[in-house]
Amino acid sequence: MLLAEHGLDDAGMYKGNDPQQIARAGVYFTQVDSSGPTKYVPRSVQVDLEAGVCNRLRSGPLGQLFRPDTYFTSDSGAGNNWAKGYYTEGAELIDGILDIVRRQAEATDALQGFQIIHSLGGGTGAGLGSLLLSKLREEYPDRMLSTFSVLPAPNVSETVVEPYNSLLSIHQLVDNCDLTICIDNEALYDIAVRTLKIKSPGYKNLNELIAKVMCGVSTSLRFPGQLNGDLRKLGMNLVPFPRLHFLMPSFAPFYDPKARTFQRLSVPELTSSLFDKKNLLVASDPRFGRYLTAACIFRGKVSSHEAENSVMQLQRKNSNLFVEWIPDNVSVSLCSVPPVGQPQAAVALANSTCMQELFKRNLDQFALMFKRRAFLHWYTGEGMDVMEFTEAESNTQDLISEYQQYQEATVEEEEAEAESEQ
């Protein structure tokens, strides 16, 4: 999807006809001028503790796109064990991964930050992903670290030890990350089945949904627009308190491809569907929380007046869902380039207190197993201490109570606190 937006083919060769497409392609791609036509190579690192997935990438349609020396794999695999990814297997490989990251970072003109795409349920994405985050935070303390994290879904479970892996990762994400965009498979399945009318969606369908949001979030980096935003601006507007940086992504419009010819969404309709539970990529209900902040990114021919008006009206109608002690808490960015095959689209990232639902759900499942010390020997056998589980549990409990505190906070309370301090 990213390639199509920049007019590139599967091998990274430019096939487009609009100069806007490659004007800022350098954000994600390195331009390679060899003897033939110009090739654009993604500035990325593909890491896995087993070679299977990377081998599939190499032999798939995108095999010619990535640089061969940016793949980093091991043979043993993490076996869904967070401790293997973070301590034993991961710790042996992390220096090699950081070397590739350094090489890629040095090729940039102005490094703004890193984006990590990982899952929190398994061993590699959760364990090695957490280790990589902490090392990047050490080495690049002033750069933005944002992650797209696939959380365990409430009813769609991949592995039995998901609650352990995800809670240990959340413990690390709270401290080492600037923006965490949360996604879960169940919400993606719901969108694919109910809205897109796909009877049995595969991972390809789900990945397309995630790609839409990822492309939408990074549009203001990659294309010129009237109201621009970048990673740092997003973080600045979306994270009122450093620990509460877990964001809910949503996209509009989602519709059945067969019904495309009958669809024409106005800007107010786009805005209201962004804040609709059915368009969220994470299984939580915003009606049970309050929005601390949100950012809307409109793509296509949208006037700034219309976009800001529709956001303001939405806030006015649903004022009880937005905290009143952060005035104007929804920021708006515009980008004139629409997604491929759509005249208009919008993406929203919201920081809502209903995110505590996700953590509560995880914490409850974690507590049930941890009380009986089930599966713990696999983790302690890799050199982990039981104390780490207890710390992760209490850190998540603190996070939930922080969300609850700000959900219940009112302007009068804030004024009373300020007066008592004086």
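Please refer to the structure higher up on the page.
Report on the accompanying structure. (Residues numbered from 1 in each chain as written. Predicted model: local features only at pLDDT ≥ 70, side-chain atom pairs only at ≥ 80, totals over all residues. Heavy atoms only, no water.)

### Side note on the overall build of the protein
The following threshold applies: Put simply, DSSP marks the helices as runs of H or I at least four residues long and the strands as runs of E at least two long, and each gets a number from the N terminus on. Both definitions apply: the radius of gyration is a C-alpha atom measure, and the globule rule equals 2.2 Å times residues to the power 0.38. Residue contacts are defined here by distance: any two heavy atoms, one from each residue, within 4.5 Å place the two residues in contact.
On a plain count of helices and strands, the protein comes out with 16 helices and 11 strands. For the protein, whose C-alpha radius of gyration is 22 Å, the value lies close to the compact-globule estimate of 22 Å for 422 residues. Summarising its shape, the C-alpha atoms of the protein cover approximately 65 × 55 × 50 Å along the three principal directions. Considering only contacts within the protein whose residues lie at least 6 apart along the sequence, 80% involve residues at least 24 apart.

### A word on the nonpolar core
Here is the rule we go by: Here, the term nonpolar core denotes a set of buried Ala, Val, Leu, Ile, Met, Phe, Trp, Tyr and Cys residues that are joined through side-chain atoms within 4.5 Å. Relative accessible area decides the class of each residue, using a 1.4 Å probe on protein chains only: under 20% of the type maximum gives buried, over 50% gives exposed, and in between gives partly exposed.
Ranked by internal contacts, the top residues of the largest apolar core, which has 83 residues, are Leu136, Tyr164, Phe246, Phe275, Phe298, Tyr379 and Phe389. The leading source of residues in this core is helix α4 (residues 82–106), at 10 residues. Counting 27 residues, the second largest nonpolar core, distinct from the first, contains Phe148, Leu206, Val217 and Ala295.

### Quick look at the packing of helix α13 (residues 356–371) against helix α15 (residues 386–408)
For the record, the criterion: With axes taken as lines fitted to C-alpha atoms, and helix axes fitted only over the stretch in contact, angles between N-to-C directions fall between 0 and 180 degrees. Throughout, the term roughly parallel applies to angles under 35 degrees, roughly antiparallel to angles over 145, roughly perpendicular to angles from 65 to 115, and oblique to all others. By convention the crossing between two helices is left-handed if the near helix lies anticlockwise of the far one by an angle smaller than a right angle, and right-handed if it lies clockwise. By the convention adopted, Pro, Cys, Tyr, Trp, Phe, Met, Ile, Leu, Val and Ala count as nonpolar, Lys, Arg, Asp and Glu as charged, and the other residues, Gly among them, as polar.
Contact geometry for α13 and α15: axes closest at 10 Å, N-to-C directions at 150 degrees. The orientation of α13 relative to α15 falls into the category roughly antiparallel. The handedness of the crossing between α13 and α15 comes out as left-handed. Every residue of α15 that contacts α13 at Gln356, Phe359, Lys360, Leu363, Phe366, Ala367 and Phe370 is listed here: Val386, Phe389, Thr390, Glu393, Thr396, Gln397, Leu399, Ile400, Tyr403, Gln404 and Gln407. Here the contact of α13 with α15 is built from residues that sort into 10 nonpolar, six polar and two charged.

### A look at the packing of aromatic side chains
So the rule is basically this: Two aromatic rings from Phe, Tyr or Trp, using only the six-membered ring of Trp, form a pair when their centres are within 6.5 Å; if the ring planes differ by under 30 degrees the pair is stacked, by over 60 it is edge-to-face, and anything between is tilted. Consider the ring centre and the ring normal. A charge sits over the ring if Lys NZ or Arg CZ is within 6 Å of that centre and within 35 degrees of that normal.
Summed over the entire model, instances satisfying the criterion amount to 21 aromatic pairs. Seen from their ring centres, phenylalanine 251 and phenylalanine 254 are 5.2 Å apart, and the 45 degrees between their planes marks the pair as tilted. Side by side, phenylalanine 251 and phenylalanine 254 carry an identical accessibility label, which is buried. Put simply, the rings of Tyr164, Phe366, Phe370, Tyr379 and Phe389 pair up and form one aromatic cluster. Directly above the ring of tyrosine 71 sits arginine 58, whose terminal nitrogen or CZ lies 4.3 Å from the centroid.

### Concerning the pairing of strand β7 (residues 179–184)
Test applied: Note on pairing: two strands pair once DSSP finds at least 2 bridges between them.
Most of β7 is tucked away: six of the six residues are buried. Residues Leu179, Ile181 and Ile183 line one face of β7 and the alternating positions Thr180, Cys182 and Asp184 line the opposite face, and both faces are buried. By the bridge criterion, six bridges tie strand β6 (residues 144–151) to β7 in an arrangement that is parallel. Directly across from leucine 151, in β7, lies its bridge partner aspartate 184. Of the pairings in the sheet, the one linking β7 to strand β8 (residues 246–252) comprises two bridges and is parallel in character.

### Focus on the environment of isoleucine 198
Within the secondary structure, isoleucine 198 is located in the loop between α7 (185–195) and α8 (203–217). Taking the relative accessible area as the measure of exposure, isoleucine 198 reaches 23% and is therefore partly exposed. For the pair isoleucine 198 and leucine 280, spaced 82 residues apart in sequence, the C-alpha to C-alpha distance is 17 Å. If we ignore the near neighbours within four places in the chain, the residues touching isoleucine 198 are Ala192, Val193 and Asn205.

### Observations regarding the packing of α4 against helix α5 (residues 124–139)
Pairs of packed helices are described in terms of their axes, by the angle between the two and the distance that separates them. Packing of α4 against α5 leaves a shortest axis separation of 8 Å and a crossing angle of 45 degrees. In terms of orientation, α4 and α5 fall into the oblique class. At the point where α4 passes α5, the crossing takes the right-handed sense. Residues Trp82, Gly85, Tyr86, Gly90, Ala91, Ile94, Ile97, Leu98, Val101 and Arg102 of α4 touch α5, and the partners they reach there are Ala126, Gly127, Leu128, Ser130, Leu131, Leu132, Ser134, Lys135, Leu136 and Glu139. A class-by-class count of the residues in the contact of α4 with α5 yields 12 nonpolar, five polar and three charged.

### Observations regarding the pattern of salt bridges
Which entries qualify depends on this criterion: Within this document, salt bridges are pairs made up of a side-chain nitrogen of Lys or Arg and a carboxyl oxygen of Asp or Glu, the two lying within 4 Å of each other.
Counted by the stated rule, this structure contains 16 salt bridges. For aspartate 69, the salt bridge goes to arginine 103, with nearest N and O atoms at 3.5 Å. Of this pair, aspartate 69 sits in the loop between α3 (52–59) and β4 (71–73) while arginine 103 sits in helix α4, and the two are 34 residues apart along the sequence. A relative accessible area of 35% means that aspartate 69 is categorised as partly exposed. Given a relative accessible area of 37%, arginine 103 falls into the partly exposed group. Across the salt bridge formed by aspartate 276 and lysine 278, the nearest N and O atoms sit 3.6 Å from each other. You can call aspartate 276 partly exposed: its relative accessible area is 27%. Bridged by salt links that share partners, the residues Glu5, Arg222 and Arg299 form one connected network.

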